[in-house]
Amino acid sequence: MKNRNLITLIGLVVSGLFLLQMQMMAGGALAISSTNKPYKWDVSRFPIKYHVDLGNCGLQSNEAMQELVANSIAKWTTSHIPYSSVQFEFGGLLDVDVTTGEKFEEVELAQDNKNPIIFDVDGSIVKDLGMDESVIGLASPVYVTQPPLTRIVKGIALLNGDFLDGNRRDGHEMTTEEFGAIILHEFGHFLNLDHTQVNGHHFIQDSDPGFELYGDPPISSVSIMFPLSLGLGEPTEPQADDIRAIASLYPTTAFTNETKSITGRILLPDGVTPLTGANVVARNVNDPFHDVASQVSGALTADNPDDPDFAGYFTLSGLTAGANYTIEVVNINSRFNTNSSVGPINVPIVLDAPEEFYNAGDESGNGASDNPANWTAVAAGSNGIHIILNNAATAVEEQDNLSNPVPASLQLFANYPNPFGRKVDGSGQMMDTSISFAIPRNETVHLAVYDILGRKIRTLVDKDMPAGQWTVKWDSRNETGQMVADGVYFYRITSGTTSITKRMLFLD
Ligand SMILES: [Ca+2]
Ligand SMILES: [Ca+2]
Ligand SMILES: [Ca+2]
Ligand SMILES: [Ca+2]
Ligand SMILES: [Zn+2]
């Protein structure tokens, strides 16, 4: 991937005046009620009417935008997704041309049974609202009813014409086709869909046991509800995880009758304590990127991520009857926070354990660790699929170098000692080897050890780190704590778009 800045798509949740204050705390769907239900539009009142702002959007005329909106949002409806009961209908024009943040907030909060779609002709509304100029659009429910109904009664969308006027300082001008995908994404939020990182996170250099097992996902499998616009030709139609998300909220009878779910819970190494905020992914073993479902564990927790009735639970819905799936638990990329968050915990948690597959009876729960790469296929329709996280890797530590110099570019230093192995003092003890690196800015760092065939042996660092020089130790063990064999190993650091690889020799 070329060094291209990423653009944030925002799903902003705005507080209701007298109905219910909504918070950006939800997964699977964005907004969850205090009764642990996702808010939904009232299916009995479909189609949902939307009301269009006057004025242009960038260089696009109002009429052209009306058509682009209609064609884009149709992709969430029954005509495109037979499992979705969503229907939209043009409800007419607003009687104003909204051009300022103040006017935007006025139409947003008006109790007038209108769901405004606002065209920000040149980005000045986005600026007025105090948002970054890289925001392409935003959408969300505005008003919802009190539980137990948990209905959305008003929503709003804002589309930033600064991306359609042939003139952006950062060069991120968009085609109408690309912008149509943005409208589709924003209307996902309007319908109360959360983001999903499925498959797209490969393209921001993120790891995933599924990628190790099945290979690199194609760009055609990136979800519409992926939080970033990659500019790599990603899809303009809903993909597998989008389709199951919209159909789960607004199912047709066919969805309920024909598809299956896999349910379970993510548990800490004690095998008992649930963990909310880990991403759980089901991949069809025969179609891992195009038949995939994800949900964040504890997605239905409301204010309390440790709520014993909801913490750690996941439901992977919309699966193919008769098909088998691998189930994996992975980190949500740390880049996805605040307006690009995924799931109920903003600023995602970092697993204190390796990412791993579910492997049935070998899933550890007694302090022992199972092999994260071992998997057991799970039939669609299975329940009680509990993944017990392994104990945290040991003998890996980071040291803030006292002088902590900040380099001009990424640096990876030779490990020390090298070769390394058993101590020569006769004690028989194993030596660790130290690997130092320096990063020029606060960045996500991935550092891992590979064998001579390129297979990943052990992840040593996978997180955001401050600029400066750091040292980690490798205890010559793999992810499951087993000593590796004698031989040559490689260690590779990746940060931003840069990777550096060096070799080392382990002699037991
Ligand atoms: Ca306008
Ligand atoms: Ca512009
Ligand atoms: Ca496992
Ligand atoms: Ca495990
Ligand atoms: Zn979004």
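A brief structural summary. (Residues numbered from 1 in each chain as written. Chains lettered and ligands numbered in written order. Predicted model: local features only at pLDDT ≥ 70, side-chain atom pairs only at ≥ 80, totals over all residues. Heavy atoms only, no water.)

**Quick notes on the pattern of salt bridges**
Pairs can form between side chains of opposite charge whenever their charged atoms are close.
Then, number 1: Under the counting rule described, the total for this entry stands at 12 salt bridges.
Then, number 2: A salt bridge links arginine 151 to aspartate 42, with the nearest nitrogen and oxygen atoms 3.5 Å apart. Placement of arginine 151 in strand E7 (residues 151-160) and of aspartate 42 in the loop between strand E2 (40-41) and strand E3 (48-52) is noted, with a sequence separation of 109 residues between them.
Then, number 3: Residue classification places arginine 151 among the partly exposed positions, given a relative accessible area of 30%. (Salt bridge = Lys/Arg side-chain N within 4 Å of Asp/Glu carboxyl O. Helix = DSSP H or I, 4+ residues; strand = E, 2+ residues; numbered from the N terminus. Buried < 20%, exposed > 50% of the residue type's maximum accessible area, 1.4 Å probe, protein only.)

**What about the coordination of the calcium ion (ligand 2)?**
Then, number 1: Around the calcium ion (ligand 2), the protein contributes the donor atoms Asp162 (OD), Asp165 (OD), Asp165 (OD) and Asn167 (O), at 1.8 to 2.7 Å from the metal centre.
Then, number 2: Donor residues for the calcium ion (ligand 2), ordered by position in the chain, follow D-x2-D-x1-N.
Then, number 3: Taking relative accessible area as the criterion, aspartate 162 reaches 13% and is therefore assigned buried. (Donors = N, O, S within 2.8 Å, 3.2 Å for Na, K, Ca; no water.)

**Topic: the sheet that holds strand E21 (residues 443-450)**
Then, number 1: Ordered by their spatial adjacency, 5 strands build an open sheet running E19-E25-E24-E21-E22, and the pairing between neighbours is mixed. Edge positions in the sheet fall to strand E19 (420-421) and strand E22 (456-465), since each of these pairs with one other strand and no more.
Then, number 2: Examined bridge by bridge, E19 and strand E25 (residues 498-507) share 2 bridges and lie parallel to one another. Its bridge partner lying in E25, glycine 421 is registered against leucine 507. (Pairing = 2+ DSSP bridges.)

**Side note on the coordination of the calcium ion (ligand 3)**
Then, number 1: Only Glu356 (OE), Phe357 (O), Asn359 (OD1), Glu363 (OE), Glu363 (OE) and Asp370 (OD) from the protein reach the calcium ion (ligand 3) as donors, at distances of 2.1 to 3.0 Å.
Then, number 2: Given 6 donor atoms and angles of 45 to 164° at the metal, the environment of the calcium ion (ligand 3) is assigned as irregular.
Then, number 3: Read in sequence order, the donor residues for the calcium ion (ligand 3) give the motif E-F-x1-N-x3-E-x6-D.
Then, number 4: Taken as an interatomic distance, the gap from the calcium ion (ligand 3) to the calcium ion (ligand 4) is 3.6 Å; glutamate 356 donates to each of them. The exposure classification of phenylalanine 357 matches that of asparagine 359, with both residues buried. (Tetrahedral: all angles 85-135°; square planar, octahedral: opposite > 155°, others 65-115°.)

**As for the side chain of asparagine 160**
Then, number 1: Mapped onto the secondary structure, asparagine 160 falls in strand E7.
Then, number 2: From its side chain, asparagine 160 meets the backbone nitrogen of aspartate 162 in a polar contact 2.9 Å long.
Then, number 3: Non-local contacts of asparagine 160, meaning those with residues more than four positions away in its chain, are made with Cys57, Asp120, Asp122, Gly123, Val126, Glu133, Val135, Ile136 and Phe179. (Polar contact = N/O pair within 3.5 Å; in protein donor to acceptor, adjacent residues only side chain to side chain. Contact = heavy atoms within 4.5 Å.)

**Let's talk about the nonpolar core**
Soluble globular proteins: nonpolar side chains tend toward being buried together.
Then, number 1: With 41 residues, the main nonpolar core has Trp76, Phe179 and Leu191 as its most contacted residues.
Then, number 2: If you list the elements that add at least two residues to this core, you get E3, helix H1 (62-73), strand E5 (116-120), strand E6 (137-144), E7, helix H4 (176-190) and helix H6 (240-249).
Then, number 3: Looking at this core, the element that brings in the most residues is H4, giving 6 residues. (Core = buried A, V, L, I, M, F, W, Y, C linked by side-chain atoms within 4.5 Å.)

**Examining the packing of aromatic side chains**
Then, number 1: With the rule as written, the count across this model stands at 14 aromatic pairs.
Then, number 2: Summarising the aromatic geometry, the rings of phenylalanine 420 and phenylalanine 506 are spaced 5.3 Å apart at their centres and angled 55° between planes, so their arrangement reads as tilted. A residue pair is termed long-range when its members are at least 10 positions apart, and phenylalanine 420 in strand E19 and phenylalanine 506 in strand E25 qualify at 86 residues.
Then, number 3: Exposure remark for phenylalanine 420: the relative accessible area of 1% places this residue in the buried category. (Phe/Tyr/Trp six-rings, centres within 6.5 Å; stacked < 30°, edge-to-face > 60°.)

**Description of the pairing of E21**
Then, number 1: Summarising burial for E21: 7 of the 8 residues are buried, a large majority.
Then, number 2: In terms of strand pairing, E21 meets E22 through 8 bridges, oriented antiparallel. If you follow histidine 446 over to E22, its bridge partner there is aspartate 462.

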